[in-house]
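Chain residues, written in single-letter form:
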Amino acid sequence: MKHTLFLLFASLMLLIPAVSTDAKVYLVSVGITDYPGNDMDLTLPANDAKTIANLYAKNSKVQYSLLVNSQATKARIIKAMKKVFGNAGPNDIVVLFFSGHGYPGGFVAYDGEMDYSVVREGMAGSKCKNKMIFADACFSGKIRTGGNHASSVANAKKANVLLFLSSRSNETSIERRDMANGFFTTYLSKGLRGRADVNRDRTITAKELFDYVHKGVTKISGNKQHPVMWGKFSNNMPVMVW
């Protein structure tokens, strides 16, 4: 009987997210609406980045850097990641949010393409166990298959990074001028504010967030956009603790 109770207790402990109420959040939020010239300009990414930064700022245990438009060069993004994420402890939460153009295998910074391998290296300096990338970018699903597929998969798993991407590899990330944010960021922010917290324990897990955002974006897009979550992580990985 005692052995059975011990096994049950051990099983329940595995379901508890590896984060405490003292966990801090370290965020770099990037949004690029105004690219050089006029051909690549978008409508909402700068607002997206500000929305996510403001959301996390309401959590008193957060340190963040906000980079929008011309501030969001490759060098500045990497510098901010190293500076902010380097302060995170093992049980804290590290988040990179990016909204703007994407390409197979990475993001388009203000001054050019930034491969996912560079992003991953920027996160590798942190000892944190809870690392995640939220990307509201067209074709962002291709970030997991850019370049050499086998090495991309291996490197992403090694980095222990959760990738929550706004769309499948063959889909665009939709935005409407009558909305403050793109479809993905709209439901991401709502979910992180608490709507995804199904069991009301004030800890939003990866599975809770994915279920909420995927359902909302699929519906509002008329089944044209489907967020994907990928990487090496537990369904109970904490993405926000209130």
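Since this is a predicted model, take the numbers as computed values, not measurements. (Residues numbered from 1 in each chain as written. Predicted model: local features only at pLDDT ≥ 70, side-chain atom pairs only at ≥ 80, totals over all residues. Heavy atoms only, no water.)

Some details on the confidence of the model for the protein
Next, step 1: Model confidence for the protein is summarised by a mean pLDDT of 85, while 83% of its residues fall at 70 or above.
Next, step 2: Long-range and interchain partners of residues 1-18, a stretch whose pLDDT sits below 50, account for nine contacts in this model, where long-range means more than four residues apart.
Next, step 3: Every residue in residues 146-150 scores below 50 in pLDDT, and together they form four contacts with partners more than four places removed in sequence or on other chains. (pLDDT = per-residue confidence, 0-100. Contact = heavy atoms within 4.5 Å.)

As for unusual backbone geometry
Next, step 1: With a phi close to 50°, N69 is a non-glycine residue in the positive phi region.
Next, step 2: Relative to the helices and strands, N69 is located in the loop between β2 (62-68) and α3 (74-85).
Next, step 3: Exposure remark for N69: the relative accessible area of 22% places this residue in the partly exposed category.
Next, step 4: Positive phi, close to 70°, is recorded for R202, a residue that is not glycine.
Next, step 5: As for its placement among the helices and strands, R202 is situated in the loop between α6 (183-195) and β9 (203-205). (Helix = DSSP H or I, 4+ residues; strand = E, 2+ residues; numbered from the N terminus. Buried < 20%, exposed > 50% of the residue type's maximum accessible area, 1.4 Å probe, protein only.)

As for the sheet that holds strand β10 (residues 228-231)
Next, step 1: The strand order β2-β1-β3-β7-β8-β10 describes an open sheet built from six strands, whose pairing is mixed. Both edges of this open sheet fall to β2 and β10, since each of them pairs with a single strand only. Strand-to-strand twist in this sheet, taken as the mean axis angle between neighbours without regard to direction, amounts to 15°.
Next, step 2: The pairing of strand β3 (residues 93-99) with strand β7 (residues 130-136) spans seven bridges and is parallel. Paired with L96 across the bridge in β7 is I133.
Next, step 3: Sheet strands in contact with α3 are β1 (25-31), β2 and β3, and its direction is about 170° off that of β1.
Next, step 4: Sheet strands in contact with helix α4 (residues 116-124) are β3, β7 and β8 (161-165), and its direction is about 145° off that of β7. (Pairing = 2+ DSSP bridges. Axes fitted to C-alpha atoms, helices over the stretch in contact; angles between N-to-C directions.)

Focus: the packing of aromatic side chains
Next, step 1: Throughout the structure, instances matching the rule amount to five aromatic pairs.
Next, step 2: Aromatic pair F134 and F164: ring centres 6.1 Å apart, planes at 75°, arrangement edge-to-face. Of this pair, F134 sits in strand β7 while F164 sits in strand β8, and the two are 30 residues apart along the sequence.
Next, step 3: On the numbers, 6.0 Å between centres and 50° between planes, the contact of Y187 with Y212 is tilted. (Phe/Tyr/Trp six-rings, centres within 6.5 Å; stacked < 30°, edge-to-face > 60°.)

Some remarks on the sheet that holds strand β4 (residues 102-103)
Next, step 1: Spatially, β4-β5-β6 is the arrangement adopted by the three strands of the open sheet, whose pairing is antiparallel. Unpaired on one side and paired on the other, β4 and β6 (112-115) mark the two borders of the sheet.
Next, step 2: Relative to β6, strand β5 (residues 106-109) runs antiparallel, the two being bridged by four bridges. Note that in β6 the partner of G106 across the bridge is D115.
Next, step 3: This element, α3, spans β5 and β6 of the sheet and lies at about 35° to β6.
Next, step 4: Each of β5 and β6 touches α4; the most contacted strand, β6, lies at about 60° to it.

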